[in-house]
Each structure stands twice: as structure tokens, then as C-alpha cells.
Amino acid sequence: MDPTPKPGILDISPYVGGRSSVPGVAKAVKLSSNESPLGPSPKALAALDEAKASISLYPEGSGRMLREAIGEAFGLDPARIVTSGDGSDALLTMMANAFLQPGDECIFSEHAFLVYKIATLANSAVPVIVPEKTTNNAIKVDVDVLLAAVTPKTRMVYIANPNNPTGSYLNRDEMERLHKGLPENVLLVIDAAYGEYVTAKDYESGMEMVGRYPNVVMTRTFSKLYGLAGLRIGWMYASASVCDVINRIRGPFNTALMQQLVGIAALRDRDHFWAAVKHNNTWLPWITAEIRKTGLRVDDSAANFVLIHFPAPGAAGAKGNEEKKTAAKADAFLNQHGVILRPVINYGLPDCLRMTVGTEEQNRLAVSLLTQFMAA
Ligand SMILES: *Cc1c(COP(=O)(O)O)cnc(C)c1O
């Protein structure tokens, strides 16, 4: 007989990342995983080179150097930071490992990041998935609907702000209202993987809230704006007592010295940081506007990707042409031409594709292919 895992684990659909190649295409344009088109800072690459000398030694166990650099960069207490050498995904998972018991409820929204469901089920806890609301050019978490789902069994709420794959965000007041409506014994985990990209003045990434409330945790990553997805560096900021809990269950050397040194160099290269922000501020609105010109709905995004809506197959009122313009057909057409976007069927969005902001050349190519596809 096969060994039996804990209840819930066999209900997990393993996470599948964005594709990175197309059969028959030598070098595909990968706009499927929200990686930075600028890549990492040259200073981070230099640090990677220097770090080579140290790989035969165990690192200091608590990620102290990186925590201190993060603390300095953001004005945070390094004692309230935990780093991860397996991305912020691992920290999001550890939150569930530490705080969810079998039967506990964990709330997140309909189109939330898939890791939340995996982490919940892995702890035999119950995912409570609440619908989002659709407004003009946005699909967004509905704070009231989310709060209405709270029961005495609720232990945790995950929210990505901004959310992937919708690109929408909740402003400071909405996040405060969400927090205010939660019982004190419920942890609010704010996943700010795209926080660096947001330019809206009414956005707060979660640092202020962690500073004020002991039941709020914020996670961040070096994978997106810093262009270091392959090196798997993440961190979280929380109360001293939540950090103490996570420090008891994390791997003893969970952030390699190489990861710490590269992370520190990336953090300190402000020129590269601002170049990445500027690039996104130029191309995100361009992509949004150009794709809208084809007649497709593109949602407003606060991050480094857009959600593109295609006509549903067999949609009411479809006159026949819609059948040729589905997300699946667009995906196939783009693939044939060497461009990979992200189908988001497993995020409950079967008629959408998500496109990451790429280099100027990649953006122009993807937009021109989408224009051709819609005109055909
Ligand atoms: C990319 C992403 C992350 C970051 O994952 P890492 O493990 O840090 O690479 C976290 N949350 C969301 C919503 C993401 O899209």
C-alpha cells in the first residue's frame, strides 16, 4: 500500500509555472512569469561572482547581513525580518505550516495566487475562497465579501496586494478596513511581491500595518523588480513573536551566503531599481493602451503585467467571429510566432491571458501579434 499523506495533500494540484519554450522555436519571448525585462543589477552579478569563494562554508544561519541591509533600506528592525532562500513562496507556506491546524479556515479570493491554496491544503486546513468583484477594467478583492466569510474557525487571510494575475490593488483605506473587520486572532498575510511597482499614492505595501498591528505579516521578493527570480530570495516583516515562530520552523541555513550577498548588492543599486520602475511606468501604460485598441478588454494594472480578456467561446450574442478569438486561440497564435503569455485557467480565468511587461522589442512584437490576431 502507498504511504498515506496528511488529509488535503492529495487535493493539491501541483503548481505549474509559466512555459519558457515553444517546440520548434529557437529562442521564445517569455512574457509568462513576470520576470524583469532588465534582469538583475550588474552589481548583483558582481556580488554573485565574489560569493563563489564561500560556497564550501555554511552561511550564518539567520540571514543577518541581508536582514540588516533590508532594515537599513526600508527603516525596519532587522529582528522583525525573516529571509528565505526559496523565495517568498516558502515564507507564505511557512505561515500556514505554523498557524493552520486541521479544520482551520484560511480565506483568500477567487483569483488569488495558487500558493495560498497549496499551503492551506498541505496543512489539512480548509480553503475558503471568496468571489471578487468586477468593475470597469478591474477584477478586485471585495473587502465586504471577504469579511462576511470570517467564522470562528478562521485563522488566516492571504491577500496579494497588488494581486497576481488580476493586477488590481487595494488602497490603504481598504486594507485598513479589511484589517479592522478581522478578529485579533486572525493573521492577515499581505503578499507584496509587486509592491515596488505600484505608483498610486493611496497604496501602502503593508510595512505601516505590520508596524501597527501584531496580526499582520508582509512578504516581499527579489524575484520580480530586482530581476533575481532564479536565485530565490524572499523576506518577510512581522511582529517579533511571529518572526520567533517562523524562526523555529524554517531551515537552519535557509538563506545561502551567495543569496544574501547578491540580495544586498541588488538592494543597494538604486539606479537599477529606478531604471526598472521607469521602464515599467513607460511600457505598462503603452501595452494597456495598444491592446485596448484591438478591441480587447485589458484591466488596469498596478504591477508589471496586464490581464487581457478574450471573448468566451459560445458567449451569449456570439455571432461566430468570437469563436475564432478565444484566449486559447490567441495563445496558440502567439506561440507559433515564438511569444509566450500565461494562460490563467487555473486561476479561474479561462478567457484571459496574462502578459508580463517585457523589453521594448518584446512588447512591440507581442502587441503587433495580438493586433494581427484580432484583425484576422
Ligand atoms: C511571483 C510571486 C511571488 C514571489 O514568489 P517568489 O517565491 O518570491 O519568487 C509571490 N506572490 C505572488 C502573488 C507572485 O506573483
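Structure shown above.
Description of the structure in this document. Quick caveat: nothing in here was measured; it's all calculated off a predicted structure.

1. Notes on the layout of surface pockets
There is about 460 Å³ of room inside the largest pocket. Taken together, the elements giving at least two residues each to the lining of the largest pocket come down to α3 (87–99) and α4 (114–122). Sort the elements by how many residues they give to the lining of the largest pocket and α3 lands first, with four residues. Here the lining of the largest pocket is composed, by residue class, of 10 nonpolar, 10 polar and eight charged. If you count residues domain by domain, the lining of the largest pocket takes at least three from each of domain 1 (9–39 + 271–375) and domain 2 (42–269).

2. Topic: the nonpolar core
As a rule of thumb, soluble globular proteins bury nonpolar side chains together. In terms of nonpolar packing, the biggest core is built from 54 residues, with I159, L178, L188, F222, W235 and Y237 touching the most fellow members. Looking at this core, the element that brings in the most residues is helix α9 (residues 257–268), giving five residues. Each of domain 1 (9–39 + 271–375) and domain 2 (42–269) contributes no fewer than three residues to this core. In this structure Y237 touches L76, R80, I81, M207, V210, G211, V216, V217 and M218, once residues within four positions along its chain are discounted. The next biggest cluster of nonpolar side chains, apart from the first, holds 34 residues, and it includes L92, M94, A96 and V344.

3. Some points on empty space enclosed by the protein
According to the stated counting rule, one finds two cavities of 30 Å³ or more in the structure shown. Lining the largest cavity, in full, are S36, P37, L38, Y197, A276, H279, N280, N304 and V357. Each residue belonging to the lining of the largest cavity can be placed in one class, and the counts come to five nonpolar, four polar and no charged. The volume enclosed by the second largest cavity comes to roughly 40 Å³. Surrounding the second largest cavity, K140, V141, I159, A160, N161, N163, S168, Y169 and L170 form its lining. Those elements that place two or more of their residues in the lining of the second largest cavity are β6 (138–141) and β7 (154–160). Residue composition of the lining of the second largest cavity, by class: five nonpolar, three polar and one charged.

4. Focus on the sheet that holds strand β15 (residues 349–356)
Here four strands make up an open sheet; going across it, the order is β11-β12-β15-β14 and the pairing antiparallel. The sheet is open, and its two borders are formed by β11 (297–298) and β14 (342–344), each paired with just one other strand. Contacts from helix α10 (residues 270–293) reach β11, β12 (305–309) and β15, with the element oriented near 10 degrees to β12.

5. Examining the side chain of T154
Among the secondary structure elements, T154 is positioned in strand β7. For T154, a relative accessible area of 1% translates into the label buried. Here T151 takes part through its backbone nitrogen, which lies 2.8 Å from a polar atom of the side chain of T154. Contact partners of T154, with chain neighbours within four places excluded, come to E105, I107, A149 and V186.

Rules used throughout
Residues numbered from 1 in each chain as written. Predicted model: local features only at pLDDT ≥ 70, side-chain atom pairs only at ≥ 80, totals over all residues. Heavy atoms only, no water. 1 Å grid on protein atoms, 1.4 Å probe; cavity = no way out; pocket = protein on both sides within 12 Å on 5 of 7 lines; lining within 4 Å. Points joined across faces, edges and corners; volume = space filled by probe spheres on them. Helix = DSSP H or I, 4+ residues; strand = E, 2+ residues; numbered from the N terminus. Nonpolar A, V, L, I, M, F, W, Y, C, P; charged D, E, K, R; others polar. Domains from an automatic or database assignment. Core = buried A, V, L, I, M, F, W, Y, C linked by side-chain atoms within 4.5 Å. Buried < 20%, exposed > 50% of the residue type's maximum accessible area, 1.4 Å probe, protein only. Contact = heavy atoms within 4.5 Å. Pairing = 2+ DSSP bridges. Axes fitted to C-alpha atoms, helices over the stretch in contact; angles between N-to-C directions. Polar contact = N/O pair within 3.5 Å; in protein donor to acceptor, adjacent residues only side chain to side chain.

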